[in-house]
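The chain contents come next:
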Number of protein chains: 2
Amino acid sequence: MDEINLGVTCDMHVHVRDGAMCELVTPTIREGGISVVYIMPNLQPPVTTLERAIEYKQKLQKLAPETTFLMSFYLCKDLSPELIHEAARKDAIQGVKCYPAGVTTNSSAGVDPNDFSDFYPIFRAMEEENLILNLHGEKPSVGEEGNDIHVLNAEESFLPALRKLHADFPNLKIILEHCTTAAAIETVRDINKNVAQPADIRVAATITAHHLYLTIDDWAGNPINFCKPVAKLPKDKRALVAAAISGEPYFFFGSDSAPHPLCNKARHVGVCAGVYSQSLAIPYVAEIFDTQDSLDKLKCFVSDFGLSFYGVKKSDLKSLDEVILFRKEQHVPETIGDGSDIVIAPFKAGDTLKWSTKWAK
Amino acid sequence: MDEINLGVTCDMHVHVRDGAMCELVTPTIREGGISVVYIMPNLQPPVTTLERAIEYKQKLQKLAPETTFLMSFYLCKDLSPELIHEAARKDAIQGVKCYPAGVTTNSSAGVDPNDFSDFYPIFRAMEEENLILNLHGEKPSVGEEGNDIHVLNAEESFLPALRKLHADFPNLKIILEHCTTAAAIETVRDINKNVAQPADIRVAATITAHHLYLTIDDWAGNPINFCKPVAKLPKDKRALVAAAISGEPYFFFGSDSAPHPLCNKARHVGVCAGVYSQSLAIPYVAEIFDTQDSLDKLKCFVSDFGLSFYGVKKSDLKSLDEVILFRKEQHVPETIGDGSDIVIAPFKAGDTLKWSTKWAK
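Reference entry: report on the structure contained in this document. These numbers come from a predicted model, not from an experiment. (Residues numbered from 1 in each chain as written. Chains lettered and ligands numbered in written order. Predicted model: local features only at pLDDT ≥ 70, side-chain atom pairs only at ≥ 80, totals over all residues. Heavy atoms only, no water.)

Counting its regular elements, chain A contains eleven helices and twelve strands. Computed over the C-alpha atoms, the radius of gyration of chain A is 19 Å, within 12% of the 21 Å expected from 2.2 N^0.38 for a compact globule of 361 residues. Referenced to the eigenvectors of the C-alpha coordinate spread, the extents of chain A come out at roughly 50 × 50 × 45 Å. Counting every position in chain A, which comprises 361 residues, the buried fraction comes to 62%. Excluding contacts between residues fewer than 6 apart, the proportion of contacts in chain A whose partners are at least 24 apart in sequence is 76%. (Helix = DSSP H or I, 4+ residues; strand = E, 2+ residues; numbered from the N terminus. Rg over C-alpha atoms; globule rule 2.2 N^0.38 Å. Buried < 20%, exposed > 50% of the residue type's maximum accessible area, 1.4 Å probe, protein only. Contact = heavy atoms within 4.5 Å.)

Structure below.
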């Protein structure tokens, strides 16, 4: 198989930031072979108003007219059920992102994942509006005493909170974002064990491109690969790859492409968490599926399952162009944005990938 | 207790490198409150001849006339039993350092820890000469298939090899260097459970200053704290602190101070492994003992136990000066060596420590 039509692709977890960075990376969504993106709201300040969401979307649309943008709010006490209803009615957002306070980039305004009850009125409104709750599923690190939480067990420690949310809001669509552990995969699979058809799925998980490649050894000493949640152990990576190629419709692609200026990655202290993979999103994923002899499952993972869970309709699309994956080597540049104010080191900088993408009108 | 005489102190695991770096850091041994050091042989090329060991020691002695240097060979196929006997007879070395190939800085010439049998003639000669075998106790990382070794379990995976070496050479003095896990502490404790007196100890472990502070969360995103073996989980750190303050004579101080130019730490790929702690070695350790209300056990850890295990005699010492620890805050500089060709970021750069050291003639 040397050429595959992936149809209208989607990446359901994308950071395009603001300012000069936004101008640099937003056009790379399409370069990476992606049609539809779900945009993260962790700007500074975070996106928490209707006006902000609409304005941000307009700005992105101008930068990438053929890309379809799905937008989100940042879960915090500034939101109200009334705002959720209004935003849904105006189709301004498709979901709300929940960041546990302090776990990753611009998450200081986030919530305490030990107790979501303050947000139950929000979740109720979201459930009524069929909006999606996107969870950064990590407990914040706490050390020293007994029940330690650290970067390695932070996700697994969060899973009971996921189950409780699903139990309390059985019709709320929830995504465990950028999951990194075998435990998370097993939990999402278990929650879905009695689901008869894709339309009944209420809890899904996104998987990034980089977590299909990385383990702890890859980010130890290589800040380019440092992200939150951190890549875990080999057994976890194997579970993620197996889930991605499984054809189970509750696992789909969300790159969590999270660009930072190179100067914030090449530091001896305070390295920013995030891997930038947008400009080659589909080729990165295709290479893993190829290695697993599972390219026939790629379209489900990068298109069908995500579009279905989000309920994206043909009429929502800014472009009906389809993505063609074809076998052609390409070099991952050491940096991108060299002519601009900002330079980014992309995932697998300097490596060669086996696949490329083009657009079919 | 505001002032403690620590006597003649020792740091039994020190990297002072070569060239300009060596000139910068060798004098900081004494600044850090250390009298006697055991010097690592992982230069490029490694120290594997009598001439090299003697020449290196002379160079160091010139840079720090009052410091007592104990020297080592780098275990590799260039060594022979005859060389070991000769080096011991001439008192040129006190031990031989074993690096598993590829696990840390300049370890590419190291050995395969899955099979030490090629080196058994060397170990036999060392046992006869009462030389010490210093083990970097990690299995090299191997991924993908079944029996995964990664940076987190690399040390625990090595422990059976430690037990086997001790079983095969019951009189050989062995040190598990810079141990980082509760499992390692338990193993060394278990091996010593029937030891009646300090002179009978054959297997000991060194503990660094930085591993008394750090866990995985501290080096995730902070290359300044990245070293091999990597700092592990909170439970492991607690076990290390408990061992250090325990008064058990088979646990003693070895800083594994491993300086790298800042430009090799502040990188987005290929960060060098190593924490530089030499210039404040004793204050770093004292602060932990103070927090644990165990300053009365500090002298054992940083002086008595190490000197005893290595059999250092008064006549070996270049200086009989004693180290006085006293309660006086000091600031850890952001960098050291600012006037020289090389700049290093020291451990806990920018922090304040509660203790200082001075020398009593």
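A separate point is the relation of the copies chain A and chain B. Laying chain A over chain B is done by rotating through 180° and shifting 0.0 Å along the axis; what remains is an RMSD of 0.0 Å. What the rotation and shift describe, once combined, is the action of a two-fold rotation axis. For chain A, the residue whose C-alpha comes nearest the rotation axis is Ala266 of chain A, separated from it by 2.6 Å. In this assembly, 100% of the residues forming the interface of chain A have copies in chain B that are likewise at the interface, indicating an isologous arrangement. (Least-squares fit on C-alpha atoms with pLDDT ≥ 70 in both.)

For the rest of this paragraph, the subject is the nonpolar core. Judged by nonpolar contacts, the single largest core of 257 residues is most densely connected at Phe123 of chain A together with Phe123 of chain B. Contact partners of Phe123 of chain B, with chain neighbours within four places excluded, come to Leu75, Phe116, Leu133, Leu165, Phe169 and Leu172 of chain B. (Core = buried A, V, L, I, M, F, W, Y, C linked by side-chain atoms within 4.5 Å.)

Turning to unusual backbone geometry, a few remarks are in order. Of note, the amide linkage connecting Lys228 of chain A to Pro229 of chain A takes the cis form, showing an omega dihedral of -5°. Mapping Pro229 of chain A onto the fold places it in the loop between α8 (216-219) and α9 (234-244). Despite not being glycine, Arg17 of chain A has its phi angle at roughly 60°, a positive value. Backbone geometry places Asp293 of chain B, a non-glycine residue, at a positive phi of 55°. With respect to the helices and strands, the residue Asp293 of chain B is situated in the loop between α10 (281-291) and α11 (298-310). You can call Asp293 of chain B exposed: its relative accessible area is 70%.

All names here are of chain A. Across the five residues that make up strand β2 (residues 10-14), a large majority, five, are buried. Two elements, β2 and strand β3 (residues 36-39), share three bridges in a ladder whose sense is parallel. The residue bridging Cys10 from the neighbouring strand is Val36, located in β3. (Pairing = 2+ DSSP bridges.)

Buried accessible area, meaning the area lost when the parts come together, often serves as the stated size of an interface. With 31 residues of chain A at the contact, the number on the chain B side is 31 residues. Contact between chain A and chain B buries roughly 2500 Å² in total, counting both sides, with carbon and sulfur atoms accounting for 62%. One can count two salt bridges joining chain A with chain B. Put simply, Arg238 of chain B and Asp148 of chain A hold a salt bridge, and the shortest N to O gap is 2.7 Å. Counting the contacts that link chain A with chain B gives 14 residue pairs in polar contact (both at pLDDT 80 or more). Tallying contributions element by element places α9 of chain A first for the side of chain A that touches chain B, with four residues. (Buried area = accessible area lost by both parts, 1.4 Å probe. Salt bridge = Lys/Arg side-chain N within 4 Å of Asp/Glu carboxyl O. Polar contact = N/O pair within 3.5 Å; in protein donor to acceptor, adjacent residues only side chain to side chain.)

Applying the stated criterion across every chain, the model contains 40 salt bridges over all chains. Close ionic contact of Glu86 of chain A with Lys90 of chain A constitutes a salt bridge, the shortest N to O distance being 3.0 Å. Residue Asp190 of chain B pairs with Lys193 of chain B through a salt bridge whose shortest N-O separation is 3.2 Å. Using a relative accessible area of 29% as the deciding quantity, one classes Asp190 of chain B as partly exposed.

Turning next to the packing of aromatic side chains. This structure, assessed with the given rule, holds 31 aromatic pairs over all chains. For the ring pair Phe123 of chain B and Phe169 of chain B, a centre distance of 5.8 Å and an interplane angle of 90° mean the geometry is edge-to-face. With Phe123 of chain B in helix α5 (residues 120-129) and Phe169 of chain B in the loop between α6 (154-168) and β8 (173-176), this residue pair connects regions lying 46 residues apart in the sequence. According to the relative accessible area criterion, Phe123 of chain B is buried, its value standing at 0%. Through a chain of ring-to-ring contacts, three or more aromatic side chains come together here, namely Phe116, Tyr120, Phe123, Phe158 and Phe169 of chain A. Above the plane of the ring of Phe309 of chain A lies Lys173 of chain A, whose end atom (NZ or CZ) is 5.3 Å from the centre. (Phe/Tyr/Trp six-rings, centres within 6.5 Å; stacked < 30°, edge-to-face > 60°. Lys NZ or Arg CZ within 6 Å of the ring centre and 35° of its normal.)

Residues and elements named next belong to chain B. Tracing the backbone shows Ser107 in the loop between β6 (95-98) and α5. Placed 225 residues apart in sequence, Ser107 and Val332 show a C-alpha to C-alpha distance of 30 Å. Once residues within four sequence positions are removed from consideration, Ser107 is found in contact with Tyr74, Tyr99, Pro100, Ala101 and Gly102.

Our focus in this paragraph is the packing of helix α10 (residues 281-291) of chain A against helix α11 (residues 298-310) of chain A. Think of two packed helices as two axes; the pair is described by the angle between the axes and how far apart they sit. Packing of α10 of chain A against α11 of chain A brings their axes to within 9 Å, and their N-to-C directions diverge by 140°. Where α10 of chain A abuts α11 of chain A, its residues Ile282, Val285, Ala286 and Phe289 of chain A lie against Leu298, Phe301 and Val302 of chain A. (Axes fitted to C-alpha atoms, helices over the stretch in contact; angles between N-to-C directions.)

Under the definition given, this model contains zero disulfides over all chains. Unpaired in terms of disulfides, Cys22 of chain A finds its nearest cysteine sulfur in Cys272 of chain A, a separation of 17 Å. Judged by relative accessible area, Cys22 of chain A falls into the buried class, the value being 0%. The closest cysteine sulfur to the non-disulfide-bonded Cys10 of chain B is located on Cys300 of chain B, 11 Å from its own sulfur. (Disulfide = S-S within 2.5 Å.)

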